[in-house]
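Okay, here's what each chain looks like letter by letter:
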Amino acid sequence: MGQIELKQVTKSFGDVQVIPPLDLTIHDGEFTVFVGPSGCGKSTLLRLIAGLEDISSGHIEIDGKDATDLVPAKRGLAMVFQSYALYPHMSVRKNIAFPLRMAKMDPAEIDRRVNAAAEVLNLADYIDRRPGQLSGGQRQRVAIGRAIVREPSAFLFDEPLSNLDAALRVGMRMEISELHKKLKTTMVYVTHDQVEAMTMADKIVVLQAGVIEQVGSPLELYRRPRNTFVAGFIGSPKMNLIGGEEAAKHDAATIGIRPEHIDVVESDGMWQGSVGVAEHLGSDTFFHIHNTGLTETITVRAIGDINLTHGDTIHLNPRMHELHRFDAQGLRID
Amino acid sequence: MATKASRSAARLMMAPAVILLLGWMLVPLIMTLWFSFRVYLPLRGGDQGWAGFDNYIRFVTSSAFWPSVQTTLIIVIGVLAITVIFGILIALLLDQPIWGQGVVRILVIAPFFVMPTVSALVWKNMFMDPVNGLFSHLWRFFGAEPVSWLSDASLPSIIMIVSWQWLPFATLILLTAVQSLDSEQLEAAEMDGAPWHKRFWFLVLPHLSRAITIVILIQTIFLLAIFAEIFVTTGGAFGTRTLSYLIFQRVLESQNVGLGSAGGVYAIILANIVAIFLMRIVGKNLD
Amino acid sequence: MARSVTPRRKLLNTTAAWAIGLLIFFPILWTILTSFKTEAQAIAAPPIFLGFDWTLENYRVVLERSDYARFLWNSIIIAGLSTLIGVAIAVPAAWSMAFVPSKRTKDILLWMLSTKMLPAVGVLYPIYLLFIQLGLLDSRAGLVVVLMLINLPIIVWMLYTYFKEIPGEILEAARMDGATLPQELLYVLTPMAIPGIASTMLLNFILAWNEAFWTLNLTAVNAAPLTAFIASYSSPEGLFFAKLSAASTMAIAPILILGWFSQKQLVRGLTFGAVK
Ligand SMILES: Nc1ncnc2c1ncn2[C@@H]1O[C@H](COP(=O)(O)OP(=O)(O)OP(=O)(O)O)[C@@H](O)[C@H]1O
Ligand SMILES: [Mg+2]
């Protein structure tokens, strides 16, 4: 079990309300990702769920039971911190065993579980080392190991990969996803990286300034962003958001078109402009295009093998059925 | 890290320390205040009633009062100046690559281990004794007349003894600070052709300001209270009677608790002035 | 700072540093040497540096004259217990300040420190009276309490600065892992802060060992520690340099040896945790 429900939860630090009233249900077994720009309150929300901070008002229910006033230890959740927060004076084995020791578990059972976790996470080779002697990726694994041995009802991750280098990050991302498939335990995962959100989540919660902008599966958010913020935040490179006359043509205050939904054509495109920066990634090429007559620079994704460089003229054709329209409040028009 | 539970736990865990210190501060303070308004002579009839402000007036108008304040300040400032200046110089020297740094450091720290009574006795007898002291031998060796240090140059002597005890502390703190100085910054300045005194003045000294503040704070706390050094060497004679020592004499030697307590209140006020002054600086300089 | 220098420069620096080191250390060295001389050699003119008849006679006389073991034992008990109790009280307080800071934390800390500025003489008589009332005069228990109290602010301050170096997330992790507050302090914070706690204890042990106001004024015979033992040599008998030196050496030797063996922690402690 691992259903978490937030009901009208708010959080203020002094006079500053960081989380205005917020409702959210995280279902059992779901991989939920909180994503949003830095300072939007993702960590705060996670810490409220963990019980490391008091909520200012509202209720938190875990598995249908009120957990608002429960201390962290009693919530049955496990957390993996951004800094890993390993106990530096204990070996890997002792680190992983610590929560079990605190639960006064039988030593034989502790051993069994620690070994099982070490097996799953490939920790066996350095089980007797101290955290100080481990690489970032290994520490991360130990932190996860410490979380899984308790068999918690849900895992909380606060930007667990942000201290790793790019290659390792991709690897760990997959490992965590696999772990979720295997354990089928609820996971709540905080990141500011929308790629992580898109690739890992069953459900994404997009936050801005403590407010939930949209909740949905990755593809839902991609296909039908509820407002311009989500539209701009989900997807890489960012959706082109165009205002002014061009939007008015479509009866909208803003229109949005993703770079991958604009075709580069030989001639007679709807838009025409000159290539600014061209990013050749090999598989794809991203063009930043100026002088289209629009106020905004347009980003376009083209095939990798295309021979246009800075200053060249380019013709573009947006796919009209992929066009997103938003009203003056930035809300989606269907 | 702030839930109601952890905040109340924090208050609970701080309580013993706070309550103990509050008691330690308030109980004797109130008693001292009480005595200071009484005619209280333990050996001559005990508590003989209300004295009003007599004790306070007598204490400040006694001829010993202002000299004792002056003596206190001279000792504190003198020791601070010597330890900070020499501390910086020695720290800069010890920071240089030298052979046997660890041993030298131990030698320099050693005086800090010596209890004040011992250091006062050793200096008084074995170094400053006008007949057999090492200094007198040294003076005679150069054909000079030996000095009666503790009577003719009493204040400088005491300042010297106390400085010797506190120099290790100042040196060590300053050394730690010097070692954390960014060498790239210095090298850059050297490349820019800044002469050493400019580098010292504009780079090293500002970097040391926090350490110097701490040296001054901690030493002042201890220096205002020096006792054994005077008790053992001059017994307060020859112009070495600090305010603390004057009060000590009034209370214990002349057994005039009322008068001594009034002096105590003055000393507390003086200490608080210094404290407020220091806390301002330190409060700003701490994180 | 300046790192690479010419060998010539290094030699020069080394010479200067050793000269200063030896100069500062000299009074202690001289005391130790003198303690092995005969009284005549101790005051010989010109002074004899090493070429004297080494003798243990002074130590024998000092040991005969006073019960050194009792003074030593009192010093150990008083300094040791006051430090232990002080740390036991200060660890929770420092935990609160470092990990659950509030607006008043810094004020409380500075206030604690300011209690150290209360002139001891100002409150000597009240304490004296209280001690008589409570039957604590000339008792080790009384001195333990007083020395614990006068060093408590420094212990709290030092522990606070050490604790602040420890990331709060690790303690939060312990909390998530089901540790209760005492377990958090015992199994996570304390082991992580061992070096800092050791330095703190060492420094405060030394401060308590050397404390010479309360130990002189609140003891007579039973509880008198080494500070009082040595003060008894301030009488004209102190003019016997060799015996004075022997007594002095015996009073400072335990701390010197302790300092020698724990140099690293001590250096850390001596900076009162205030400078990194
Ligand atoms: N203990 C605190 N006291 C006061 N304000 C705080 C505290 N913790 C967080 N805040 C504020 O709350 C807001 C949300 O912070 P939070 O750490 O949740 O952001 P975040 O979304 O996790 O950002 P990041 O991606 O940078 O980690 C920020 O504006 C922050 O300044
Ligand atoms: Mg965060």
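The shown structure was predicted, so the numbers you read here are calculated from the model rather than taken from an experiment.

In this section: the overall build of chain A. Along the backbone of chain A there are 9 helices and 19 strands. Overall size of chain A, expressed as C-alpha extent along the three principal axes, is 75 × 45 × 35 Å. Per-residue burial for chain A yields a buried fraction of 54% across its 334 residues. Across chain A, contacts joining residues at least 24 apart in sequence account for 63% of those joining residues at least 6 apart. Carbon together with sulfur atoms contributes 48% to the accessible area of chain A, which is approximately 14900 Å² in total.

All names here are of chain A. Relative to the assigned elements, serine 274 resides in strand E14 (residues 271-280). For serine 274, a relative accessible area of 17% translates into the label buried. With residues near it in sequence (within four places) discarded, serine 274 still touches His288, Ile289, His290, Asn291, Gly311, Asp312 and Thr313.

Next up on the list: the interface of chain C and chain B. Taken together, the contact between chain C and chain B spans 110 residues of the former and 102 residues of the latter. Between chain C and chain B, the buried area comes to about 9600 Å², and carbon and sulfur atoms account for 80% of it. Applying the counting criterion to the chain C and chain B interface returns 5 residue pairs in polar contact (both at pLDDT 80 or more). With 20 residues, helix H1 (residues 7-34) of chain C is the single largest residue contributor to the side of chain C that touches chain B. Of the residues belonging to the side of chain C that touches chain B, the class tally is 81 nonpolar, 20 polar and 9 charged.

Residues and elements named next belong to chain A. Taken in spatial order, the 4 strands of this open sheet run E11-E12-E18-E19, and their pairing is antiparallel. A strand with exactly one partner marks an edge of an open sheet, and here the two such strands are strand E11 (240-242) and strand E19 (332-333). Taken together, the 2 bridges between strand E18 (residues 324-326) and E19 define a ladder with antiparallel strand orientation. Note that in E19 the partner of arginine 325 across the bridge is isoleucine 333.

Let us now look at the site of ligand 1. All names here are of chain A. Taken together, Phe13, Val18, Ser38, Gly39, Cys40, Gly41, Lys42, Ser43, Thr44 and Glu159 form the complete shell of residues around ligand 1. Serine 38 places a side-chain nitrogen or oxygen 2.5 Å from an oxygen atom of ligand 1. Between ligand 1 and the protein, one listed contact pairs an oxygen atom with a side-chain N or O atom of glutamate 159 at 3.1 Å. Out of a free accessible area of 630 Å², ligand 1 has 56% covered by protein chains. Examining the composition of the shell around ligand 1, we find that 3 residues originate from one element, helix H1 (residues 42-50), more than from any other.

Here the focus is the environment of Ala247(C). Residue and element names in this part refer to chain C. By secondary structure assignment, the location of alanine 247 is in helix H13 (residues 241-261). Along the chain, alanine 247 and threonine 31 lie 216 residues apart, while their C-alpha atoms are 9.7 Å from each other. Non-local contacts of alanine 247, meaning those with residues more than four positions away in its chain, are made with Val62, Phe229, Ile230 and Tyr233.

Per the stated rule, a full pass over the model turns up 34 aromatic pairs over all chains. Between Trp24(B) and Trp214(C), the ring centres sit 5.9 Å apart and the planes meet at 65°, which makes this aromatic pair edge-to-face. In this pair, Trp24(B) sits in helix H1 (residues 4-36) while Trp214(C) sits in helix H11 (residues 214-217), so the two residues belong to two different chains. As far as the burial class goes, Trp24(B) and Trp214(C) line up, both buried.

All right, on to the domain arrangement of chain A then. For an interface, size is often stated in terms of accessible area lost upon the parts coming together. All names here are of chain A. The domain boundaries assigned to chain A delineate domain 1 (4-231) and domain 2 (237-333). Computed from C-alpha atoms alone, the centre-to-centre distance between domain 1 and domain 2 is 37 Å. Taken together, the contacts link 9 residues of domain 1 with 11 residues of domain 2. Between domain 1 and domain 2 the total buried area reaches about 850 Å² when both faces are included, carbon and sulfur atoms providing 54% of it. For the domain 1 face of the interface with domain 2, the top three residues by lost area are Tyr222, Thr228 and Ala231, together amounting to 58%. On the surface where domain 1 and domain 2 come into contact, there are 0 salt bridges. Linking domain 1 to domain 2 there are 5 residue pairs in polar contact (both at pLDDT 80 or more). Put simply, the parts of the chain that give the side of domain 1 that touches domain 2 at least two residues each are helix H7 (218-223) and helix H8 (228-233). The element contributing the most residues to the side of domain 1 that touches domain 2 is H7, with 3 residues. Class assignment of the residues belonging to the side of domain 1 that touches domain 2 gives a composition of 4 nonpolar, 2 polar and 3 charged.

Turning our attention to unusual backbone geometry. Most of the time, phi is negative for any residue but glycine, and the peptide bond is trans. Residue and element names in this part refer to chain A. Cis geometry is found at the peptide bond from serine 236 to proline 237, where omega equals -5°. Counting through the fold element by element, proline 237 comes out in the loop between H8 and E11. Even without a glycine there, the phi angle at asparagine 122 is positive, about 55°. Relative to the helices and strands, asparagine 122 is located in the loop between helix H3 (107-120) and helix H4 (136-148). A residue is classified by how much of its surface remains accessible, and asparagine 122, at 55% relative accessible area, is exposed. Although it is not a glycine, lysine 184 adopts a positive phi angle of roughly 55°. Relative to the elements of secondary structure, lysine 184 occurs in the loop between helix H5 (166-183) and strand E8 (186-191). On the accessibility criterion, lysine 184 (60% relative accessible area) is exposed.

With that settled, the discussion passes to the nonpolar core. In terms of nonpolar packing, the biggest core is built from 229 residues, with Leu6(A), Phe34(A), Leu156(A), Phe127(B), Trp95(C), Phe163(C) and Trp214(C) touching the most fellow members. Top element by residues in this core is helix H7 (residues 140-163) of chain C. It accounts for 17 residues. With near-sequence residues (within four places) excluded, Trp95(C) lies in contact with Ser6(B), Ala9(B), Ala10(B), Met13(B), Val100(C), Phe163(C), Leu171(C), Arg175(C), Leu181(C), Glu184(C), Leu185(C) and Leu189(C). Judged by nonpolar contacts, the second largest core, of 45 residues, contains Ala118(A), Ile127(A), Leu134(A) and Leu164(A).

On to the interface of chain A and chain B. Listed per partner, the contact involves 5 residues of chain A and 6 residues of chain B. Summed over both partners, the interface of chain A with chain B comes to about 390 Å²; 34% of that surface belongs to carbon and sulfur atoms. If you look at where chain A meets chain B, you find 0 salt bridges. On inspection of chain A and its partner chain B, the count reaches 0 residue pairs in polar contact (both at pLDDT 80 or more).

What follows deals with the packing of helix H2 (residues 92-102) of chain A against H3(A). In a pair of packed helices, the angle between the axes and the distance between the axes together describe the arrangement. Residues and elements named next belong to chain A. Their axes nearest at 10 Å, the elements H2 and H3 cross at an angle of 130°. The angle between the axes of H2 and H3 places the two elements in the oblique class. The way H2 lies across H3 gives a crossing that is right-handed. Contacts between H2 and H3 involve Arg93, Ile96, Ala97, Leu100 and Arg101 from the former and Ile110, Asp111, Arg113, Val114 and Asn115 from the latter. A per-class count over the contact of H2 with H3 returns 5 nonpolar, 1 polar and 4 charged.

Conventions and cut-offs
Residues numbered from 1 in each chain as written. Chains lettered and ligands numbered in written order. Predicted model: local features only at pLDDT ≥ 70, side-chain atom pairs only at ≥ 80, totals over all residues. Heavy atoms only, no water. Helix = DSSP H or I, 4+ residues; strand = E, 2+ residues; numbered from the N terminus. Buried < 20%, exposed > 50% of the residue type's maximum accessible area, 1.4 Å probe, protein only. Contact = heavy atoms within 4.5 Å. Areas by Shrake-Rupley, 256 points an atom, 1.4 Å probe, with all protein chains shown as cover. Buried area = accessible area lost by both parts, 1.4 Å probe. Polar contact = N/O pair within 3.5 Å; in protein donor to acceptor, adjacent residues only side chain to side chain. Nonpolar A, V, L, I, M, F, W, Y, C, P; charged D, E, K, R; others polar. Pairing = 2+ DSSP bridges. Near = heavy atom within 4 Å. Phe/Tyr/Trp six-rings, centres within 6.5 Å; stacked < 30°, edge-to-face > 60°. Domains from an automatic or database assignment. Salt bridge = Lys/Arg side-chain N within 4 Å of Asp/Glu carboxyl O. Core = buried A, V, L, I, M, F, W, Y, C linked by side-chain atoms within 4.5 Å. Axes fitted to C-alpha atoms, helices over the stretch in contact; angles between N-to-C directions. Parallel < 35°, antiparallel > 145°, perpendicular 65-115°, else oblique. Left-handed = near helix turned anticlockwise from the far one by under 90°.

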